[in-house]
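What the coordinates show
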Amino acid sequence: EMEAKYTRKMQALRDEMDLRRKTELHELEERKNTQISELMGNHEGAFGAIKNYYNDITAKNLTLINLLKEQVEDLKKKETVLEKEKAEVLLQNKELTGPLQETQEQVAELQKKLVHYYRDKEALMNSKAHLKITQKELKDLQWEHEVLEQRFSKVQAERDELYQKFTRAINEVQQKTGFKNLLLERKLHGLRNLLEQKEVELSEVVTASNLSPSALSLVSHKLEDVLNSKNATIQDLQLQLARVCKAHNDMLQTFEAKLTAFGIPLDNLGFQPLSFPFPGQ
């Protein structure tokens, strides 16, 4: 009974499964047919589009080919015309070769002349610039010449005035210094004579008086004091004489320097300035 029961269940399950399988197969078949129909429709549409596309391309290519054929024919005609023109141009070139060569030679010559022209033009501009500079320098020199002439006239006047003043000053200084030196020399000579006379008188007094050594020593000391005083006076007079001589010589050097600075030769003085030697020279 159990085997019969399960056999019946097995048969029922098998029938159910078979029915389900058939149902699913039918559904799959319908979906397959639907997809096939869609694919066929899509393929037919794509094929039509491709067919139309290539038909358009073919038509365009045929039109382009016809156009290119026409262009080729036009180009051939133009080529024929250009060949004729080329022949004519070559003939003209042969005829123009001689004049062209002459023209090239003329151009080369003109280029050389142009180079020389530029050089001459540049040289002329430089000369004009140099001339302007020279003219300006000439004007400056003329102005400087006028200024120098005025300064020269002024310096000449100053020179003449200085020459006159120098001559008067030299004469005055020579007179003054000569007279003063003469007085100093005479005074010095008188003092020396007086000193010699005093020494002789002293010797006579000492000899005649027969003084004692102490008295003689006292007299000698007094005499030495007097001699020292006189020697100091002589040295002072000699110093004054040296100062006067130096001042006179310095003045002569100053005037000689001024004359040299103003361009006046020393020979134009007409006399030789006296330069006093220093005492002891």
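Residues numbered from 1 in each chain as written. Predicted model: local features only at pLDDT ≥ 70, side-chain atom pairs only at ≥ 80, totals over all residues. Heavy atoms only, no water.

As recorded in an unreviewed UniProt entry, the protein chain goes by the name Dynein regulatory complex subunit 4, listed as coming from Edolisoma coerulescens. On record in UniProt, under Sequence similarities (unreviewed entry), the comment for the protein chain is "Belongs to the DRC4 family." (UniProt positions renumbered as here; feature names shortened; annotations may be inferred.)

Turning to the pattern of salt bridges, a few remarks are in order. For the structure shown, the criterion picks out six salt bridges. Measuring nitrogen to oxygen at the nearest pair gives 4.0 Å for the salt bridge that ties K22 to D18. Of this pair, K22 and D18 both sit in helix α1 (residues 2-209), separated by four residues, roughly a single helical turn. Among the salt bridges present, the one from E29 reaches K32, with a minimum N-O distance of 3.1 Å. Taken together, the positions of E29 and K32, both in helix α1 and three residues apart, correspond to about one turn of that helix. (Salt bridge = Lys/Arg side-chain N within 4 Å of Asp/Glu carboxyl O. Helix = DSSP H or I, 4+ residues; strand = E, 2+ residues; numbered from the N terminus.)

All told, the structure shown has two aromatic pairs when counted by the stated rule. With centroids separated by 5.4 Å and ring planes inclined at 75°, the aromatic side chains of Y53 and Y54 adopt a geometry described as edge-to-face. Measuring from centroid to centroid gives 5.8 Å for Y117 and Y118, while their planes differ by 50°, and the two rings are tilted. Classification of Y117 as partly exposed rests on a relative accessible area of 46%. (Phe/Tyr/Trp six-rings, centres within 6.5 Å; stacked < 30°, edge-to-face > 60°. Buried < 20%, exposed > 50% of the residue type's maximum accessible area, 1.4 Å probe, protein only.)

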